[in-house]
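Tertiary structure, described
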Amino acid sequence: MKKTEHENMLLFSKERAYGPNRYRLYFTAISSLKDESPRVFRLLVRTPFSFAKFEIGRVYTLAYSKLHILKFEPKEEFNLQEEHFTKLLQSRDLKFIDKKTSAMLRAMDKPAFSKDRYYSFNETKEILNYRPDFLMNIAVSAFSAVVSGLAFLIPFCAYALMLYWLIKGQLGMVGFDSKALVLPIMGIGALPAALFSMSVLYVLCEFVLLRINFTKWSVLKKYTLVWGGIRKSFFFEIGDILYFKKFGIVSGAVIGVAIILSLIV
């Protein structure tokens, strides 16, 4: 197995993707920082435990094979200048950006690499190097799960209650009656509205978690790892508003048609 070794490799970005090769680490050789297009390496680790050990802004000596890190030795921290950090992000995105992230950036409707698009290097360090202790991590995860769970539970309970009332109203029917069609019509027609409510409430619950110091850093870290350092908005972005507007119009139209059909049958 061919092994490659590099010294003075600065970790400037981390990313946790979905599917295979999910734990991604982005390095640059310190010697290339002054170049117009600094060299960027994307290397991988296999476990979340190894992934968590790597710190943004730290220099490493690496040994890897076929992009998977075999050994690493942490060295000193490096104070990366913002202009160099911006160039590194540009090089990273030009070389490695995936379709999901590209679509996300286009939806934000901001100029490429504006200061509002990505977190600064110091902000990225603060977010991604945040490591709560075990008990704190358990407490934050449990609290976040309860708050986020309400976003799904409330619309689901309202939807289930509507079906219960419809079923209860039809229990006394004898033989075939066209009113029996109300249940499947409303069951199908109200489903998009329930999903729309879940989506909106989930985002609102996330905004709430971002405003609570107890949960803020964990939410930011999770988001930053998924989206490669894209700045998390504490409000609805233009893309979000357009998406929910379309979703709301469609779900409202569907349930409106369902109600009219239910009154006719």
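Residues numbered from 1 in each chain as written. Predicted model: local features only at pLDDT ≥ 70, side-chain atom pairs only at ≥ 80, totals over all residues. Heavy atoms only, no water.

Quick word on the overall build of the chain
Here is the rule: A run of H or I in DSSP becomes a helix once it reaches four residues, and a run of E becomes a strand once it reaches two; helices and strands are each numbered from the N terminus. For the radius of gyration, the atoms used are the C-alpha atoms, and the globule rule reads 2.2 Å times the number of residues raised to 0.38. Throughout this description, buried means an accessible area under 20% of the type-specific maximum (1.4 Å probe, protein chains only), exposed means over 50%, and partly exposed covers the range between. When checking whether two residues touch, look at their non-hydrogen atoms; a contact exists if any pair is within 4.5 Å. Computed with the Shrake-Rupley method and a 1.4 Å probe, the accessible areas treat only the protein chains shown as cover for residues.
If you tally the helices and strands in the chain, you get nine helices and five strands. Put simply, the chain runs from its N terminus to its C terminus through helices and strands in the order β-β-β-α-β-β-α-α-α-α-α-α-α-α. In summary, the chain has a C-alpha radius of gyration of 25 Å against a globular reference of 18 Å for 265 residues, an excess of more than 25%. Along the first, second and third principal axes, the C-alpha set of the chain runs to 80 × 40 × 40 Å. Residue burial in the chain is summarised as follows: out of 265 residues, 38% are buried. Restricting the contact set of the chain to residue pairs at least 6 apart, pairs at least 24 apart contribute 65%. Accessible area for the chain stands at about 15600 Å²; split by element, carbon and sulfur atoms hold 65% of it.

A look at the layout of surface pockets
Note the following rule: Two kinds of site are reported from a 1 Å grid over the protein atoms alone, namely cavities, where a 1.4 Å probe fits but cannot get out, and pockets, open sets with protein on both sides within 12 Å along at least five of seven lines, and residues are called lining when an atom falls within 4 Å of a point. Grid points are joined across faces, edges and corners, and a volume is the space filled by probe spheres set on the points. Asp, Glu, Lys and Arg are counted as charged, while Ala, Val, Leu, Ile, Met, Phe, Trp, Tyr, Cys and Pro are counted as nonpolar; the rest, among them Gly, fall into the polar class.
Quantified by volume, the largest pocket comes out at close to 1400 Å³. Counting residues per element, the lining of the largest pocket draws most heavily on helix α8 (residues 213-227), which supplies eight residues. Considering only residue class, the lining of the largest pocket consists of 27 nonpolar, eight polar and 11 charged. In this structure, the second largest pocket occupies an estimated 150 Å³ of space. Together, K3, E5, H6, E7, T61, L62, A63, K71, F72 and E73 line the second largest pocket. Secondary structure elements with two or more residues in the lining of the second largest pocket: β1 (4-16), β4 (58-65) and β5 (68-77). Taken together, the residues of the lining of the second largest pocket sort by class into three nonpolar, two polar and five charged.

Focus on the pattern of salt bridges
A side chain of one charge can pair with a side chain of the opposite charge when the charged atoms of the two come close. Note the following rule: By definition here, a salt bridge exists when the distance from a side-chain nitrogen of Lys or Arg to a carboxyl oxygen of Asp or Glu is within 4 Å.
Within this structure, the stated rule accounts for 10 salt bridges. For E15, the salt bridge goes to R24, with nearest N and O atoms at 3.8 Å. On the basis of relative accessible area, E15 is assigned to the buried category, the value being 7%. Residue R24 is classed as buried on the basis of its relative accessible area, which comes to 12%. The network of salt bridges with shared partners includes E55, R58, E77, K125 and R131.

Quick look at the packing of helix α7 (residues 191-210) against α8
We count it as follows: Structural elements are reduced to axes, namely lines fitted to C-alpha atoms, with helices fitted over the stretch in contact, and the angle between N-to-C directions of any two is expressed from 0 to 180 degrees. Should an angle fall under 35 degrees it is called roughly parallel, over 145 degrees roughly antiparallel, and 65 to 115 degrees roughly perpendicular, with every other angle called oblique.
At a closest axis distance of 7 Å, the pairing of α7 and α8 adopts a crossing angle of 120°. Here α7 lies oblique to α8, going by the angle between them. Contacts between α7 and α8 involve E206, L209 and L210 on the former and, on the latter, T215, K216, V219 and L220. Tallied by class, residues from the contact of α7 with α8 come to four nonpolar, one polar and two charged.

So, unusual backbone geometry
Positive phi values are uncommon outside glycine, yet N8 reaches one of about 55°. Mapping N8 onto the fold places it in strand β1. Phi angles above zero are rare outside glycine, and L67 is one such case at about 75°. Residue placement: L67 occurs in the loop between β4 and β5.

Side note on the nonpolar core
This is how the line gets drawn: As used in this record, nonpolar core signifies buried Ala, Val, Leu, Ile, Met, Phe, Trp, Tyr and Cys residues forming a set joined through side-chain atoms within 4.5 Å.
One finds F12, L25, F27, F54, L62, I69 and L80 to be the most contacted residues of the largest nonpolar core, which totals 47 residues. Considering every element that reaches this core, the biggest residue donor is α8, with six residues. Beyond its immediate sequence surroundings of up to four residues, L25 is in contact with L11, S13, K14, F41, R42, L43, V45, F51, F54 and I69. Of all hydrophobic cores here, the second largest spans nine residues; its members include L166, M186, A190 and A258.

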